[in-house]
Amino acid sequence: QQQVKQSPQSLIVQKGGISIINCAYENTAFDYFPWYQQFPGKGPALLIAIRPDVSEKKEGRFTISFNKSAKQFSLHIMDSQPGDSATYFCAASIIKAAGNKLTFGGGTRVLVKP
Amino acid sequence: DAGVTQSPTHLIKTRGQQVTLRCSPKSGHDTVSWYQQALGQGPQFIFQYYEEEERQRGNFPDRFSGHQFPNYSSELNVNALLLGDSALYLCASTMTGGGPYGYTFGSGTRLTVV
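Just so you know, these numbers come straight off a predicted model, no measurement behind them.

Teacher, can you tell me more about the overall build of chain A here?
Across its full length, chain A holds zero helices and eleven strands. Starting at the N terminus, the α and β elements of chain A follow one another as β-β-β-β-β-β-β-β-β-β-β. Against the 2.2 N^0.38 benchmark of 13 Å for 114 residues, chain A shows a C-alpha radius of gyration of 14 Å, consistent with a compact globule. Considering only C-alpha atoms, chain A reaches an extent of 45 × 30 × 20 Å along its principal axes. Buried positions account for 46% of the 114 residues belonging to chain A.

This is the structure in structure tokens:
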């Protein structure tokens, strides 16, 4: 059962443009929603994360928007740069659950054209 | 400060064989999780080890087993390899009580089953 659905699978954006990636979740017990960035040959690295008690979180050029009622959250990459070209994964977890496993979306491959 | 170290980097095995992958957690971390990432997909949780015991397990068959040593390092063993086991195997470490916040991933072991 895919508990976190991510879209689109890939996107191409011009340098300076905005990249938007969307995720939807099913399990209402999830209370931690991180985004990971993965470059080829590397493991995922935490980019930014949000808890459901806030609707938006911004760190530099990266912003998470969270809609608890719709069970959706999204990542916005402002002023996209060629160095942002990577695969992005949304994920969800239950903080107090033993193990705190991460449930990942399928990933979005982002290509920023110069 | 070394991050999560995984070995080997790449591995080719024949169907039916057995394989052992190794992971050294980040300094200060005592909890190790293993994830399987098939090509073009998000990581899938295999299991987590804490205090040398399996604390949580994902939806993987018993062919997948693990071990954690007193120094917190961990091994992932896969028996009776199938072609479908070909994937990037990621190790992630965190601190006890750190929840999902402090997840640090290694660069993975690329396993190819032929």
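Further notes follow.
Quick question: what am I supposed to make of the overall build of chain B here?
Within chain B one finds zero helices and eleven strands. Along the chain direction, N to C, the helices and strands of chain B fall in the order β-β-β-β-β-β-β-β-β-β-β. The C-alpha atoms of chain B give 13 Å as radius of gyration, which agrees with the globular expectation for 114 residues (13 Å, within 12%). Across its three principal directions, the C-alpha atoms of chain B cover 40 × 25 × 25 Å. With 114 residues in all, chain B has 49% of them scored as buried. Partitioning the intrachain contacts of chain B with sequence separation of at least 6 by distance along the chain shows that 54% fall at a separation of at least 24.

Is there a simple way to explain the pattern of salt bridges in this structure?
Opposite charge on two side chains allows them to pair when their charged atoms are near. Residue and element names in this part refer to chain B. Using the criterion set out here, one finds five salt bridges over all chains in the structure. Note that Arg22 is salt-bridged to Glu75, the shortest N-O span being 3.4 Å. Placement of the pair is Arg22 in strand β3 (residues 19–24) and Glu75 in strand β8 (residues 74–78), with a sequence separation of 53 residues. We classify Glu75 as buried; its relative accessible area is 18%.

Please explain the interface of chain B and chain A as it appears in this structure.
For interface size, the figure often reported is the accessible area lost on association. Tallying the contact residues gives 19 residues for chain B and 20 residues for chain A. Across the chain B to chain A interface the summed buried area is about 1600 Å²; carbon plus sulfur atoms make up 57%. Its largest share of buried area at the contact with chain A, chain B owes to Pro100, Tyr101 and Phe105 of chain B, together 33% of the area lost on that side. Where chain B packs against chain A, one counts zero salt bridges. The interface formed by chain B and chain A contains two residue pairs in polar contact (both at pLDDT 80 or more). Broken down by secondary-structure element, the contributors of at least two residues to the side of chain B that touches chain A are β4 (31–37), β5 (44–50), β6 (53–57) and β9 (87–94) of chain B. When the residues that make up the side of chain B that touches chain A are grouped by side-chain class, the tally is nine nonpolar, nine polar and one charged.

How should a nonpolar patch on the surface be read in this particular structure?
Residues and elements named next belong to chain A. Judged by side-chain polarity, Ile18, Ile20 and Met78 come together as a nonpolar surface patch covering roughly 240 Å² of accessible area. By the element assignment, Ile18 lies in the loop between β2 (10–14) and β3 (19–25). Owing to a relative accessible area of 47%, Ile18 belongs among the partly exposed residues under this scheme.

Could you clarify how one ought to interpret the state of the cysteines in this entry?
Here a disulfide denotes one covalent bond, and it connects the sulfur atoms of two cysteines. Residues and elements named next belong to chain A. Counting across every chain of the model gives two disulfides over all chains. Here Cys23 engages in a disulfide with Cys90; their sulfurs sit 1.9 Å apart. Across the disulfide from Cys23 to Cys90, rotation about the S-S bond amounts to roughly -95°, and the bridge is consequently left-handed. Highlighted residues: Cys23 in strand β3 and Cys90 in strand β9 (residues 86–92), separated in sequence by 67 residues. Summarising the burial analysis for this pair, Cys23 and Cys90 share the class buried.

Quick notes on the rules
- Residues numbered from 1 in each chain as written.
- Chains lettered and ligands numbered in written order.
- Predicted model: local features only at pLDDT ≥ 70, side-chain atom pairs only at ≥ 80, totals over all residues.
- Heavy atoms only, no water.
- Helix = DSSP H or I, 4+ residues; strand = E, 2+ residues; numbered from the N terminus.
- Rg over C-alpha atoms; globule rule 2.2 N^0.38 Å.
- Buried < 20%, exposed > 50% of the residue type's maximum accessible area, 1.4 Å probe, protein only.
- Contact = heavy atoms within 4.5 Å.
- Salt bridge = Lys/Arg side-chain N within 4 Å of Asp/Glu carboxyl O.
- Buried area = accessible area lost by both parts, 1.4 Å probe.
- Polar contact = N/O pair within 3.5 Å; in protein donor to acceptor, adjacent residues only side chain to side chain.
- Nonpolar A, V, L, I, M, F, W, Y, C, P; charged D, E, K, R; others polar.
- Patch = residues over 30% accessible without salt bridge, like charges linked within 9 Å, V, L, I, M, F, W, Y side chains within 5 Å.
- Areas by Shrake-Rupley, 256 points an atom, 1.4 Å probe, with all protein chains shown as cover.
- Disulfide = S-S within 2.5 Å.

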